[in-house]
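Results of the structural survey
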Amino acid sequence: MPHSPAGQERPSGRFFLPGPTEVHPDVLAAQLRPMMGHRGSTAQAFMKPIHERLQRVFFTARPVFVSTSSATGLMEAAVRNAGRERILSLVNGAFSQRFSDIARSCGFEVDEVSIPWGEAHDPNDLTEALSKDRYDAVTMVHSETSTGVLNDIPALAAAVKAFDDTLILVDSVTGFGATEVRPDDWGVDFLLTGSQKAFALPPGLSFGVASERMMKRAATSPHRGYYFDLEFFADNHEKHQATTTPALSVLYALDVQLDRMLAEGMDARWARHRSMAERSWRWVDEMRGSGVEVAVMAPEGFRSPAVTAVRTPKGVTGSSVTAAVAERGWIVGGGYGKLKESTFRIGHMGDHTLDELEGLLEVLTGVLT
Ligand SMILES: *Cc1c(COP(=O)(O)O)cnc(C)c1O
């Protein structure tokens, strides 16, 4: 049984944070492999099959870059490589706001299409914003982990396609692994994710797929810096090696997790997430039926299969829910940012099963009634 930092034993299947997520024991154990040199033939023989399997799970013919950084690093890479002067950011929660803030902090002029947290973006609003001004790129978040909203990325990407020269930058940090992600088919120019969300790996790596357009832009982009220079990634990827010393232990975990994901099948993985999400929404309905005034924050039709943000009843704080759940030996996420006390979040993502989720919902029912 794994030890929690507090020294308590916690059986697996009880850790429902919306990142980091629970990591399967076989994947955790892979991290005990000894170190190896990260250049040369041994490293290349290790990385080549990883690169090939990454292309399969990302449904892309493009290289999948592996970055030793958390996902925020590749959010910065996205704007640094795609931006010249002006960026448009779609904002409907904490992480999409972060994308905008990153672009501004990198020196770009940023405009936002800002809608209330908990709503999903309308492609028509995006078309309108793009008609008014010229932008180098648009940033958007697929699954907004702060609210549990799933944006319709194919529809939003299609709206941007009408505007030549405007690149589409997508944070799919809690989308990838939980729901369909097809960067090539969707015409996305940069799609990024992290290791510790629905990928169900330990934190420490992030992954990015860049279109040919994106690579062309990067080649002349003045602000791409060094660590996140996509040409640096592409040159090293060709040799099946990392840019700089990678988080090797997490790469060992990735090696095992890719096999596990492909054995399950991506369709089956998405279906499992969908059924966990639907079960969570139904549980909220059941609670309402018994007089507990909880609500799913995201509107129907735009709900993430990875995370559900649940509005707490009047007089009940998000932190009191997470604390009571923790006392019973389970973990759920608190509200994020300005939703800290008005919501709690169930991270039904990664390698969790419907059975484990049932166990959690039973605990939550006990806490709320
Ligand atoms: C977790 C998360 C991030 C940030 O990831 P880090 O790995 O902590 O940098 C960005 N976007 C979304 C949607 C997330 O859920």
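Quantities reported herein were computed from a predicted structural model and do not represent experimental measurements.

Criteria and cut-off values
- Residues numbered from 1 in each chain as written.
- Predicted model: local features only at pLDDT ≥ 70, side-chain atom pairs only at ≥ 80, totals over all residues.
- Heavy atoms only, no water.
- Helix = DSSP H or I, 4+ residues; strand = E, 2+ residues; numbered from the N terminus.
- Buried < 20%, exposed > 50% of the residue type's maximum accessible area, 1.4 Å probe, protein only.
- Core = buried A, V, L, I, M, F, W, Y, C linked by side-chain atoms within 4.5 Å.
- Contact = heavy atoms within 4.5 Å.
- Phe/Tyr/Trp six-rings, centres within 6.5 Å; stacked < 30°, edge-to-face > 60°.
- Salt bridge = Lys/Arg side-chain N within 4 Å of Asp/Glu carboxyl O.
- Pairing = 2+ DSSP bridges.

1. Section: unusual backbone geometry
Cis geometry marks the peptide bond from glycine 19 to proline 20; its omega dihedral reads -5 degrees. Within the secondary structure, proline 20 sits in the loop between strand E1 (15-16) and helix H1 (25-30). In this structure, aspartate 165 is a non-glycine residue whose phi angle is positive, near 80 degrees. Within the fold, aspartate 165 resides in the loop between helix H6 (153-161) and strand E8 (167-171). Residue class for aspartate 165 comes out partly exposed when judged on its relative accessible area of 39%. Although it is not a glycine, alanine 200 sits at a positive phi angle of roughly 60 degrees. As for its position among the elements, alanine 200 is in the loop between strand E9 (190-194) and strand E10 (206-210). The class for alanine 200 is buried, based on a relative accessible area of 0%.

2. Details of the nonpolar core
Nonpolar side chains in soluble globular proteins tend to end up buried together. Counting residues in hydrophobic clusters, the biggest one holds 50 residues, and the most contacted among them are Leu54, Phe58, Leu126, Met140, Phe199, Phe207 and Leu254. When residues of this core are assigned to their parent elements, the largest contribution, 9 residues, is made by helix H10 (residues 248-264). Discounting residues that sit within four places of it in the chain, leucine 126 has contacts with Leu88, Leu90, Val138, Met140, Leu156, Ala159 and Val160. Counting 30 residues, the second-largest nonpolar core is a separate cluster that includes Leu74, Phe108, Val141 and Phe190.

3. With respect to the packing of aromatic side chains
This structure, assessed with the given rule, holds 11 aromatic pairs. Measuring from ring centre to ring centre gives 4.8 Å for phenylalanine 95 and tyrosine 336, while their planes differ by 40 degrees; the resulting arrangement is tilted. Of this pair, phenylalanine 95 sits in helix H4 (residues 94-105) while tyrosine 336 sits in the loop between strand E13 (331-334) and strand E14 (343-347), and the two are 241 residues apart along the sequence. Its relative accessible area of 29% is what places tyrosine 336 among the partly exposed residues. Judged by centre distance (5.0 Å) and plane angle (80 degrees), the ring pair of tyrosine 227 and phenylalanine 228 falls under edge-to-face.

4. Focus on the pattern of salt bridges
For the structure shown, the criterion picks out 29 salt bridges. A salt bridge links aspartate 189 to arginine 213; the nearest nitrogen and oxygen atoms lie 2.7 Å apart. Residue aspartate 189 is located in the loop between helix H7 (183-186) and E9, and its partner arginine 213 is located in helix H8 (residues 212-220); the two are separated by 24 residues in the primary sequence. With a relative accessible area of 2%, aspartate 189 lands in the buried category. Judged by its relative accessible area of 33%, arginine 213 falls in the partly exposed class.

5. Structural notes on the pairing of strand E5 (residues 137-141)
In terms of residue burial, E5 counts as a mostly covered element, since 5 of its 5 residues are buried. On E5, burial covers both faces: Ala137, Thr139 and Val141 on one face and Val138 and Met140 on the other are all buried. The pairing of strand E3 (residues 86-91) with E5 spans 3 bridges and is parallel. Bridge pairing links leucine 88 to valine 138 in E5. Looking at chain direction, E5 and E8 are connected through 5 bridges and run parallel. Each residue of the ladder has a partner; that of methionine 140, found in E8, is valine 170.

By themselves, these observations are geometric and do not establish any function.
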